[in-house]
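An overview of the molecular structure
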Amino acid sequence: MARGPWIEGTTGVVGIFGDPVDHSLSPRMHNAGFAELGIDFVYVPFRVSRRHLKDALRSLRTLGVVGVNITVPFKEDAIKYLDSVTPAARAIGAVNTVRPEGKKLVGDNTDASGFSAALSARGFRARRKRVLVIGAGGAARAVVYGLLGSGTIDIVVANRTLAKAVRLVRSFQRKGVDLRASGLDLLDDFDFLDSRQLVVNCTPVGLKGECFLDYDVDSTPADCLHFDLAYGEKPTPFLRMAAAAKRPTVDGRHMLLHQGAQAFKLFTGRKAPLEAMARALGIKLAD
Ligand code: ATR
């Protein structure tokens, strides 16, 4: 039977460190998952200032906290205060999950595998596909890592600051994969866009109500999937543009769900109840 939202002496504590955290949907999503499975855990938002990040991470062991998610702006900085990180977190250069394991603090990154799981759930097989990634920050690094792990063979990273895209591409270069960096001018190149099967927006452009970039969505094939890592109350300008051109879309809550499901497994050892967690986010699994 689903457990109510009460806290007992036995209740395990998990949570999220970020600044700000008041917008985060993770507490709602994870608490819905705990309630669904009757797990005696509670998920709490912790607003942590940058100067207290080290102390906050150290306190996880002191207080017996089960684990935390790490969100903006600490995903990269947190690494330097941890005892070990998984190969995925090391390659991406960011953690989104930290757990005390014995005397050690261990960091993991479920963003890349969460992104891949969101694509699979949508029925999109990334293997041997041609992809455009817009942006070259931490989120884009996780997406590229996830795509490479799924067997994508052609990825172009387009970014406002070209040097940053070049750095990203260099750090993930491997044999058998065409991985290139570009400026944003490629976003209105007909021949290039016509070759893409997936476009992923990894920038926050549009979240403050501004228009999306100068992007020629009509040049993409009719079945080109458009995935925005961002989400808000309403569809983002990038997804509105794609939907107006009748291209299929996926919004960032699906990535949030799947990275969260994998963190849930790390925290509880149980398979996440995806339906209940999706319901808490206001999405349907097959959306
Ligand atoms: P995250 O960790 O979420 O990826 P980030 O590391 O700050 O955040 O990266 C944000 C990305 O969005 C960057 O690629 C950034 O481009 P720059 O490298 O040129 O800064 C991109 N971005 C942010 N605002 C943008 C804007 N107004 N126009 C174009 N790109 C933008």
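Below: a short report on this structure. Sequence order as written defines the numbering, with residues in each chain counted from 1. Whole-chain, interface and lining totals are the exception, using all residues; otherwise, since this is a predicted model, local features are given only for residues with pLDDT of at least 70 and side-chain atom pairs are given and counted only at 80 or more. Just so you know, side-chain values use all the structure's heavy atoms and leave hydrogens and water out.

Glancing now at the overall build of the protein chain. Secondary structure elements are taken from DSSP: a helix is a run of H or I of four residues or more, a strand is a run of E of two residues or more, and numbering for both begins at the N terminus. For the protein chain, the count of helices and strands is ten helices and twelve strands. Against the 2.2 N^0.38 benchmark of 19 Å for 287 residues, the protein chain shows a C-alpha radius of gyration of 19 Å, consistent with a compact globule. With 287 residues in all, the protein chain has 52% of them scored as buried. The contact criterion used throughout is that any non-hydrogen atoms of two residues lie within 4.5 Å. Nonlocal contacts in the protein chain, meaning residues at least 24 apart in sequence, comprise 68% of its contacts between residues at least 6 apart. Where accessible areas are quoted, they stem from the Shrake-Rupley method and a 1.4 Å probe; at the residue level, only the protein chains shown are allowed to cover. With an accessible surface of roughly 13,800 Å², the protein chain has 52% of that area assigned to carbon and sulfur atoms. The charge count includes Lys and Arg as positive and Asp and Glu as negative, but it does not include His or the ends of the chains. Charge coordinates come from a single atom per side chain, which is NZ of Lys, CZ of Arg, CG of Asp or CD of Glu. Side chains of the protein chain carry 40 positive and 29 negative charges; the gap between the two charge centres is 6 Å. Note on method: radius of gyration uses C-alpha positions; expected globular size equals 2.2 Å times residues raised to 0.38. Relative accessibility decides the category of a residue: with a 1.4 Å probe and only protein chains considered, values under 20% of the type maximum give buried, values over 50% give exposed, and everything between is partly exposed.

All right, on to the site of the ligand then. Throughout, near means a residue has at least one heavy atom within 4 Å of the molecule or strand. Around the ligand sit 13 residues, and of these Ala136, Ala139, Asn159, Arg160 and Thr161 come closest. Distance and chemistry together define a polar contact, namely a pair of N or O atoms within 3.5 Å, with one atom able to donate a hydrogen and the other to accept it when in protein, and with adjacent residues in sequence counting only for side-chain atoms on both sides. Here an oxygen atom of the ligand sits 2.9 Å away from a polar atom, N or O, in the main chain of alanine 136. A distance of 3.1 Å separates an oxygen atom of the ligand from a polar side-chain atom of lysine 164. In isolation the ligand offers 650 Å² of accessible surface; the protein chains occlude 68% of this area. Partitioned by chemical class, the residues of the shell around the ligand number five nonpolar, six polar and two charged. Classification convention: Asp, Glu, Lys, Arg as charged; Ala, Val, Leu, Ile, Met, Phe, Trp, Tyr, Cys, Pro as nonpolar; all other residues, Gly among them, as polar.

Bringing the sheet that holds strand 4 (residues 84–85) into the picture now. Pairing is mixed across the open sheet formed by six strands, whose spatial order is 2-1-3-5-6-4. The sheet is open, and its two edges are formed by strand 2 (41–47) and strand 4, each paired on a single side. Bridge analysis of strand 1 (residues 12–18) against strand 3 (residues 67–70) gives four bridges, and the strand direction is parallel. Residue pairing for strand 3: valine 14 is matched across the bridge by glycine 67. Note on geometry: axes are C-alpha line fits, over the in-contact stretch for helices, and angles between N-to-C directions span 0 to 180 degrees. Sheet contacts for helix 1 (residues 26–37): strand 1, strand 2 and strand 3; angle to strand 2, the most-contacted strand, approximately 170°. Helix-sheet contacts for helix 2 (residues 53–63) involve strand 1, strand 3, strand 5 (97–101) and strand 6 (104–108), and the interaxial angle to strand 6 is about 110°. Two strands are counted as paired when DSSP detects at least two bridges linking them.

So, on to the sheet that holds strand 9 (residues 178–182). Strands belonging to one sheet form pairs held by backbone hydrogen bonds; the direction of such a pair is parallel or antiparallel. Pairing is parallel across the open sheet formed by six strands, whose spatial order is 9-8-7-10-11-12. Edge positions in the sheet fall to strand 9 and strand 12 (249–250), since each has one partner strand and no second. By the bridge criterion, two bridges tie strand 11 (residues 225–228) to strand 12 in an arrangement that is parallel. For histidine 226, the partnering residue across the bridge sits in strand 12 and is threonine 249. Taken strand by strand, helix 5 (residues 138–149) contacts strand 7 (130–134), strand 8 (154–158), strand 9 and strand 10 (198–201), and its axis lies near 170° from that of strand 7.

Across the junction of aspartate 19 and proline 20, the peptide omega takes the value 5°, indicating a cis bond. Relative to the elements of secondary structure, proline 20 occurs in the loop between strand 1 and helix 1. Cis geometry is adopted by the peptide bond preceding proline 73, which originates at valine 72 and carries an omega value of 5°. Among the secondary structure elements, proline 73 is positioned in the loop between strand 3 and strand 4. If you check the backbone angles, arginine 128 has positive phi at about 65° while not being a glycine. Secondary-structure assignment places arginine 128 in the loop between helix 4 (111–121) and strand 7. Judged by its relative accessible area of 53%, arginine 128 is exposed. At lysine 246, a residue that is not glycine, the phi angle is positive and equals roughly 65°. Relative to the helices and strands, lysine 246 resides in the loop between helix 8 (237–244) and strand 12.

As paired strands, strand 3 and strand 5 are joined by two bridges and run antiparallel to one another. Within the sheet, the bridge partner assigned to valine 68 lies in strand 5 and is valine 98. As paired strands, strand 5 and strand 6 are joined by five bridges and run antiparallel to one another. If you follow glutamate 101 over to strand 6, its bridge partner there is lysine 104. Two successive antiparallel strands, strand 5 and strand 6, enclose a turn made up of two residues, where glycine 102 displays a positive phi of approximately 60°.

All right, on to the packing of aromatic side chains then. For Phe, Tyr and Trp, where Trp contributes only its six-membered ring, two rings pair if their centres lie within 6.5 Å, and the inter-plane angle classes them as stacked under 30 degrees, edge-to-face over 60, or tilted in between. Summed over the entire model, instances satisfying the criterion amount to eight aromatic pairs. When the ring of phenylalanine 115 is compared with that of phenylalanine 227, the centres are 5.0 Å apart and the planes differ by 50°; the resulting orientation is tilted. Of the two residues, phenylalanine 115 sits in helix 4 while phenylalanine 227 sits in strand 11, which places them 112 residues apart along the sequence. Of the two residues examined, phenylalanine 115 and phenylalanine 227, each falls in the buried class. Ring-pair connections join several aromatic residues into one group, and the members of that group are Phe34, Phe41 and Phe264. We call a charge positioned over a ring when the NZ of a Lys or the CZ of an Arg lies within 6 Å of the ring centre and within 35 degrees of the ring normal. Geometry around phenylalanine 124 places lysine 129 over its ring, the cationic atom sitting 5.4 Å from the centre.

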